[in-house]
Amino acid sequence: MIGFDAILASFGAAFTLHSIGVILGGVLLGYIVGVIPGLNRSVAIAIAIPLTFYMSAYAAIAFLIGLSKGTAAGSAVSAILLNTPGEPSSAATCLDGYPLARSGKPRKALKVGLLASVVGDLLATLLLIAVAIPFAAVALKFGPYELAAILIFALVFIAGMAGGSFLKGLAAGGMGVILGTVGLDPETGAMRLTFGYAELMEGVPILPLVIGTLALSEMFVQLDEYRRNKDADVIRLSKNADDDLSYREFKGTLPTILKSTGIGAFVGALPGLGPSVGAFMAYGFAKRSAKDPDSFGKGNPNGIAAAEAADNAVIPASYIPLFGLGIPGSVSAALLVGAFMIHGIQVGPLMLRDHPEMLFTIFSGMIVASLLMLAVGWYGLRIFAKVTSVPPNIVIPVVIFLCLAGIQVQGYGTFGLIVVFGFAIFGYFLKKFDYSFVTFLVAFIVTPMLEMNLRQSIILSGGEISILLQRPIALVFVVITALMVLHLGWSSYRRNAARRAAS
């Protein structure tokens, strides 16, 4: 275990000028991307991964984490000023943010959103630091039986929780598992699903997959949206003295922020639920527990505070299963795993054993990112408000260019371009037919680890399933997984039956 002096040194490394500059760059870029309608956190991280090729591993991860946080906070700007959320999780912010801005108080709405974002993000980051380390220390004692059982449980859980249909979740997970097995068999060296392409011997390249599935496919969707919504009305910031947030008004929203942070952190720690669930749960809770619930939806600052605090608390909390067990709980966490892999680092409990200094430096970098998020958002309010005016007919071609340039920079050549366009079409239909992105990505990423642990379990047990009786933790997860499959399958059957009866 790392010593106290080494922990202090790791924290000190995050406060160097170079480190702060890298994180600031990530937060700033994230803010700009988040403010532009139609661009979201996943798109931002996917197109930014190629920018990190020439950075050190820590700088790359710190930059991407800063980017992720900045995007989450920035998306509230377009939600409040345009009534167009940068990403689905900001839709809850529109409910009260846009009416408050329309009533002549856009600055107040933006400042409530910013402060709630920063408080939610910072508290969830501190929770991550407090929980992830002991979590990972326990997970290091697990054997292949326990890890295989936990990974299968996580995949079923995500399939059931992410998206509306359990069967579609299983199908998305199945596609991820199949793609995750492409390449050389790690035990026999036999080719699997490569169809004679030498480029697939090491598996489906993760960068073209994430850029195509998330970024390029999103641009296809935005092209459709742009045709239907060309005349969005932008609210301008004024210099009206009444349009400012007083300390008393902020203090009034603080209890809502703290409660919503707790809801967001709880949702984030459960793989697959995502920030949209957290934001709407917190908004609903704030409305039900308010003395004047009728004021929600008409510009109540507590509605903005609840949605933004929960939205931003989900992301750091979703890293708890990532650093504790190696299971990405959200799309952005899955993309971070890809970035770790590109830089040759296996994320998960082994990181605590093999790279403890980096783990603590990343944690401290996350705190720095939270503070920079406040500074950038506060002083850049007017500038970011103007960025919302950038039309999609400029944004979309630029993003497509960055997607394709990123593939070329990494040296994938023509094969990479074919793969990225293939996954862009694949991602477009995933979104069009409401299949879960997060289930697909998480399944693709954890399949090699799941396969290795399953194989080791079978070899060690000699194929005897009774070995589970001697492994109580694995047995518990196997039983829970079986019960969950039955419950989710039965619930899905009843919903479909009710829908058919209604029609």
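Before reading on, note that the structure itself is shown above.
Throughout, a residue's number is its position along its own chain's written sequence, starting from 1. Predicted model: local features are reported for residues with pLDDT of at least 70 only, side-chain atom pairs are reported and counted for 80 or more only, and whole-chain, interface and lining totals are derived from all residues. The basis for the side-chain values is all heavy atoms of the structure; hydrogens and waters are excluded.

What is the right way to read helix H20 (residues 472-502) from this model?
One turn of an α-helix holds 3.6 residues; hence residues three or four places apart share an orientation. Secondary structure elements are defined from DSSP: runs of H or I of at least 4 residues count as helices, runs of E of at least 2 residues count as strands, and each element is numbered from the N terminus. Working rule for helices: expected span equals 1.5 Å times residues minus one. Taking 1.5 Å of rise per residue, 31 residues should cover 45 Å, and H20 covers 45 Å from first to last C-alpha, within 8% of that figure. Partly exposed describes any residue whose relative accessible area lies between the buried limit of under 20% and the exposed limit of over 50%, with all areas from a 1.4 Å probe on protein chains only and scaled to the type maximum. Along H20, the residues classified as buried are Ala474, Thr481, Met484, Leu488, Ser491 and Ser492.

What exactly am I supposed to notice about empty space enclosed by the protein here?
Over the atoms, a rolling probe the size of a water molecule traces out where space has been left empty. Grid spacing is 1 Å over the protein atoms alone, the probe is 1.4 Å, and a cavity is where that probe fits but cannot get out, while a pocket is an open set with protein on both sides within 12 Å along at least five of seven lines and lining residues have an atom within 4 Å of a point. Grid points are joined across faces, edges and corners, and a volume is the space filled by probe spheres set on the points. Tallied over the entire structure, the rule returns two cavities of 30 Å³ or more. Approximately 90 Å³ is the volume found for the largest cavity. Along the walls of the largest cavity sit Tyr31, Ala73, Ala76, Val77, Ile80, Leu110, Gly113, Leu114, Ser117, Gly377, Leu381 and Phe384, which together make up its complete lining. The set of elements that each furnish at least two residues to the lining of the largest cavity consists of helix H4 (57-82), helix H6 (106-139) and helix H16 (381-387).

Can you help me understand the side chain of Asp96 in this one?
Within the secondary structure, Asp96 is located in helix H5 (residues 91-102). Under the counting rule used here, the positive set is Lys and Arg, the negative set is Asp and Glu, and His together with the chain ends is not counted. Each salt bridge in this description consists of a side-chain nitrogen of Lys or Arg and a carboxyl oxygen of Asp or Glu lying within 4 Å of one another. For the buried Asp96, no salt bridge exists, and the shortest N-O distance to an oppositely charged side chain is 7.8 Å, to Lys287. Whenever two N or O atoms come within 3.5 Å, that pair is a polar contact, provided that in protein one can donate a hydrogen and the other can accept it, and provided that, for residues adjacent in sequence, both atoms are side-chain atoms. Looking at Asp96, its side chain comes within polar contact range of the main-chain nitrogen of Lys298, at 3.2 Å. Any two residues whose heavy atoms approach within 4.5 Å at even a single point are treated as in contact. Those residues in contact with Asp96 that lie beyond four places of it in its chain are Tyr283, Ser295, Phe296, Gly297, Lys298, Gly299, Asn300, Gly303 and Ile304.

Hey, could you run me through a nonpolar patch on the surface in this one?
For patches, a residue must show more than 30% relative accessible area and have no salt bridge; joins then use 9 Å for like charges and 5 Å for nonpolar side chains, namely Val, Leu, Ile, Met, Phe, Trp and Tyr. Shrake-Rupley sampling with a 1.4 Å probe provides the accessible areas, and residues are treated as covered by the protein chains on show and by no other component. A grouping of Val390, Ile394, Val398, Phe401 and Leu402 is seen on the molecular surface, where their side chains present a nonpolar patch of about 430 Å² in accessible area. Among the secondary structure elements, Ile394 is positioned in helix H17 (residues 392-409).

Hey, could you run me through the layout of surface pockets in this one?
Approximately 820 Å³ is the volume attributed to the second largest pocket. Residue lining of the second largest pocket: 30 residues in total, with Glu202, Gly203, Val204, Met341 and Pro448 positioned closest to the centre. Residue assignment for the lining of the second largest pocket shows that the elements contributing at least two residues are helix H8 (166-180), strand E1 (183-184), helix H13 (331-342) and helix H19 (437-461). A total of nine residues in the lining of the second largest pocket trace back to one element, the largest contributor, which is H19. When residue character is reported, Ala, Val, Leu, Ile, Met, Phe, Trp, Tyr, Cys and Pro are called nonpolar, Asp, Glu, Lys and Arg charged, and the others, Gly included, polar. For the lining of the second largest pocket, the residue count by class is 19 nonpolar, five polar and six charged.

For this particular structure, what's the right way to read the pattern of salt bridges?
Once their charged atoms are close, side chains differing in charge can pair, the charge on each being opposite to the other. This model, assessed by the stated rule, comprises seven salt bridges. With a shortest N-O distance of 2.7 Å, Glu451 and Arg192 are connected by a salt bridge. You can see Glu451 sitting in helix H19 and its partner Arg192 sitting in strand E2 (residues 191-192), a full 259 residues away along the chain. For the pair Glu451 and Arg192, one class covers both residues: buried. For Arg455, the salt bridge goes to Glu451, with nearest N and O atoms at 3.3 Å. With Arg455 and Glu451 both in helix H19 and four residues apart, this pair spans about one turn of that helix.

Looking at this model, I keep getting lost on the packing of helix H2 (residues 17-35) against helix H15 (residues 356-379). Mind explaining?
When two helices pack together, their arrangement is given by the angle between their axes and by how far apart the axes lie. Angles here are taken between N-to-C directions and fall from 0 to 180 degrees, while the axes themselves are lines fitted to C-alpha atoms, restricted in helices to the stretch in contact. The interhelical angle for the contact between H2 and H15, taken along N-to-C directions, is 50°, at an axis separation of 9 Å. Comparing their axes, H15 and H2 come out oblique. H15 is crossed by H2, and the crossing has right-handed handedness. From H2, Ile20, Ile23, Leu24, Val27, Leu28 and Tyr31 reach across to H15, where they touch Gly365, Val368, Ala369, Leu372, Met373, Val376 and Gly377. Just so you know how the angles are binned, under 35 degrees is roughly parallel, over 145 roughly antiparallel, 65 to 115 roughly perpendicular, and the rest oblique. By definition, any crossing whose near helix is turned counterclockwise from its far helix by less than a right angle is left-handed, and any crossing with a clockwise turn is right-handed.

I tried to follow the packing of aromatic side chains on my own but got confused; where do I start?
Describing an aromatic ring pair means giving the distance of the ring centres and the angle of the ring planes. Working definition: a ring pair exists when centres of Phe, Tyr or Trp rings (six-membered ring for Trp) sit within 6.5 Å. Plane angles under 30 degrees give stacked, over 60 give edge-to-face, the rest tilted. What the rule picks out here adds up to twelve aromatic pairs. Judged by centre distance (5.9 Å) and plane angle (35°), the ring pair of Phe153 and Phe157 falls under tilted. Of this pair, Phe153 and Phe157 both sit in helix H7 (residues 144-161), four residues apart, which is roughly one turn of the helix. Ring centres 6.2 Å apart and planes at 75° place the aromatic pair Tyr319 and Phe323 in the edge-to-face group. Here the residue Tyr319 and the residue Phe323 both occupy positions in helix H12 (residues 301-325), the gap between them amounting to four residues, near one helical turn. Here Tyr319 and Phe323 have matching classes, each one buried. Taken together, the ring pairs in this structure connect Tyr319, Phe323, Phe360 and Phe363 into an aromatic cluster. Our definition puts a charge over a ring when NZ of Lys or CZ of Arg is within 6 Å of the ring centre and also within 35 degrees of the ring normal. One residue, Lys168, lies across the ring of Tyr435, its end atom 5.4 Å from the ring centre.

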